[in-house]
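Architecture at a glance
Okay, here's what each chain looks like letter by letter:
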Amino acid sequence: MGLQEEIDKMRQEIRADDYSMSIGEWISLYENSEIEIHPEFQRFFRWTSTQKTSLIESILLGIPIPPIFVSQREDGVWDVVDGLQRLSTIYEFVGKLKDENQKTLDPLVLEKTKYLPNLEGKKWEDINNPQNSLTQTQRLLIKRAKIDATILLKESDEIAKYELFQRLNTGGSIATPQEVRNCILVMFNRDMFRWMKELSQKEIFRECIALSEKPIEQQYDMELLLRFLVFRTLEQTEMRKIGNDLSGFLTDKMVEMAKNKNFDYSEEETAFNATFEILYEQMGSDSFRRYSTNRDKFLGGFLVSAYEVIALGIGYNYKNVSHSQINLKEKIQEIWTRPEYTDWSGSGTTAQRRVPKLVPFGRQMFQ
């Protein structure tokens, strides 16, 4: 297939339309549950009060707002693909925004800005103090302002909107690829997201990975769980397809899992629980730290290469390991002396080369 054929094929898979819509219409869509902004995303988007105020200021000053990308579902409801924070800010300002539990959040209170210092303390409508409210004229100015919508129609290939979401949201207010993945998973399979989130918050898992606050905030615990689910039973031939983009590989495999109606939640959860119960009882926070043979102790922080050998090795063999009298500490100490590990765990070794070597080695060590 030549370049033009590739272009033509992909253009056929993405069907889009454009509308010019008033903010009043965007508000009505939300009030009537005709648009899904996914409140679960709020933890991944980190606009400050200053950024939110700047958006309202821009609308009042007539500065054009970038289009909102949405995807039309089979039921006609629009999923927000890009523009969640813009819409959330508007809905929060007018006192309509709800959290994951359908509880209405407190309305946004504006800050002063360079051009509109009198915005400080203003609300959409303050019943207790009308002086703090926008006037009817100012509210109508906002409601009549236009924000264009680009709609990916339901005829589009289902993967297209997730690819678009990833491209539009990588960087910016979202900090990490896993945060983008989480958003994609919520749109694709909300039940799987909630299931994974629950597993990632288990004490046995958190104690063993022993991450600091920042990686947890950036959802690295969810990425480690995803790696466990993806690589635990993956064939070595598949691991060799990682290429230069481990992040993209994980995303693709996550989407495959989310689409798989036969995904065995029970088996995967059993393997996860058994693996980290064993590690929690015998190793705790030393599970994935470097072992120093000279000092005969575990040192430093979490190492992903150790995780790939130990967690995935035990996970693959969890039934046998659970019923054995294995001395886990001795086994893990041995790993740090084996060239199969030391030769492939250096900081300069790419995931493309590392994973297909270390995961099978881990399976062998704990069989």
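Our subject is the structure listed above.
The following refers to the structure shown. (Residues numbered from 1 in each chain as written. Predicted model: local features only at pLDDT ≥ 70, side-chain atom pairs only at ≥ 80, totals over all residues. Heavy atoms only, no water.)

1. Some thoughts on the overall build of the protein
Within the protein, the secondary structure is distributed over 19 helices and seven strands. By residue count, 48% of the 367 residues in the protein fall in the buried class. Long-range contacts, defined as pairs at least 24 residues apart, comprise 70% of the intrachain contacts of the protein with a sequence gap of at least 6. Per element, the accessible surface of the protein, about 18800 Å² overall, is 45% carbon and sulfur. (Helix = DSSP H or I, 4+ residues; strand = E, 2+ residues; numbered from the N terminus. Buried < 20%, exposed > 50% of the residue type's maximum accessible area, 1.4 Å probe, protein only. Contact = heavy atoms within 4.5 Å. Areas by Shrake-Rupley, 256 points an atom, 1.4 Å probe, with all protein chains shown as cover.)

2. Let's talk about the pairing of strand S4 (residues 78-82)
In terms of burial, S4 is a largely internal element, five of the five residues being buried. Pairing geometry for strand S2 (residues 35-36) and S4, over two bridges, is parallel. The partner of Glu-36 across the bridge, within S4, is Asp-79. In this antiparallel pair of consecutive strands, strand S3 (residues 68-72) and S4, the connection spans five residues, and Gly-76 shows a positive phi of 90 degrees. (Pairing = 2+ DSSP bridges.)

3. Some details on the side chain of Arg-181
With respect to the helices and strands, Arg-181 occurs in helix H7 (residues 177-188). For Arg-181, the side chain forms a polar contact with the side chain of Gln-178, separated by 2.6 Å. Among the polar contacts listed, one links the side chain of Arg-181 to the side chain of Ser-247, at a separation of 2.8 Å. Sequence-distant contacts of Arg-181, defined by excluding residues within four places in its chain, comprise Glu-223, Leu-226, Ser-247, Leu-250, Thr-251 and Met-254. (Polar contact = N/O pair within 3.5 Å; in protein donor to acceptor, adjacent residues only side chain to side chain.)

4. Thoughts on the packing of aromatic side chains
For the coordinates displayed, the defined rule picks out 21 aromatic pairs. The interplanar angle of 85 degrees and the centroid separation of 5.9 Å between the aromatic rings of Phe-228 and Phe-272 together place this pair among those described as edge-to-face. On the criterion of sequence distance, the pair formed by Phe-228 in helix H11 (residues 220-231) and Phe-272 in helix H14 (residues 265-282) is long-range, its members being 44 residues apart. Exposure class is identical for Phe-228 and Phe-272. Each is buried. Taken together, Phe-205, Tyr-220, Phe-228, Phe-272, Phe-276, Phe-288, Phe-302 and Tyr-307 form an aromatic cluster joined through their ring pairs. (Phe/Tyr/Trp six-rings, centres within 6.5 Å; stacked < 30°, edge-to-face > 60°.)

5. What to know about the environment of Glu-203
Secondary-structure assignment places Glu-203 in helix H9 (residues 203-209). For Glu-203, a relative accessible area of 55% translates into the label exposed. Separated by 77 residues in sequence, Glu-203 and Tyr-280 have C-alpha atoms that sit 8.9 Å apart.

6. Re helix H2 (residues 23-31)
Turning to H2, its buried residues number three or more, namely Ile-23, Gly-24, Trp-26, Ile-27, Leu-29 and Tyr-30. Just beyond H2, the residue with positive phi is Ser-33, at close to 55 degrees.

7. Regarding the side chain of Gln-178
Among the secondary structure elements, Gln-178 is positioned in helix H7. Once residues lying within four places of it in the same chain are set aside, the contact partners of Gln-178 are Gln-219, Met-222, Glu-223 and Leu-226.

8. What to know about the pattern of salt bridges
If you walk through the whole model with that rule in mind, you get 19 salt bridges. Close ionic contact of Glu-308 with Arg-354 constitutes a salt bridge, the shortest N to O distance being 2.6 Å. Of the two residues, Glu-308 sits in helix H15 (residues 304-316) while Arg-354 sits in helix H19 (residues 351-365), which places them 46 residues apart along the sequence. This pair shows no difference in class: Glu-308 is buried, exactly as Arg-354 is. Through salt bridges with shared partners, a single ionic network connects Arg-181, Glu-223, Arg-227, Glu-308 and Arg-354. (Salt bridge = Lys/Arg side-chain N within 4 Å of Asp/Glu carboxyl O.)

9. Considering unusual backbone geometry
Positioned with a positive phi, Ser-33 is a non-glycine residue whose angle comes to about 55 degrees. Judged by its relative accessible area of 54%, Ser-33 falls in the exposed class. Of note in the backbone geometry, Ala-210 takes a positive phi value of approximately 45 degrees without being a glycine. Mapped onto the fold, Ala-210 is located in the loop between H9 and helix H10 (213-217). Residue classification places Ala-210 among the partly exposed positions, given a relative accessible area of 28%.

That's the geometry; what it means functionally is another story.
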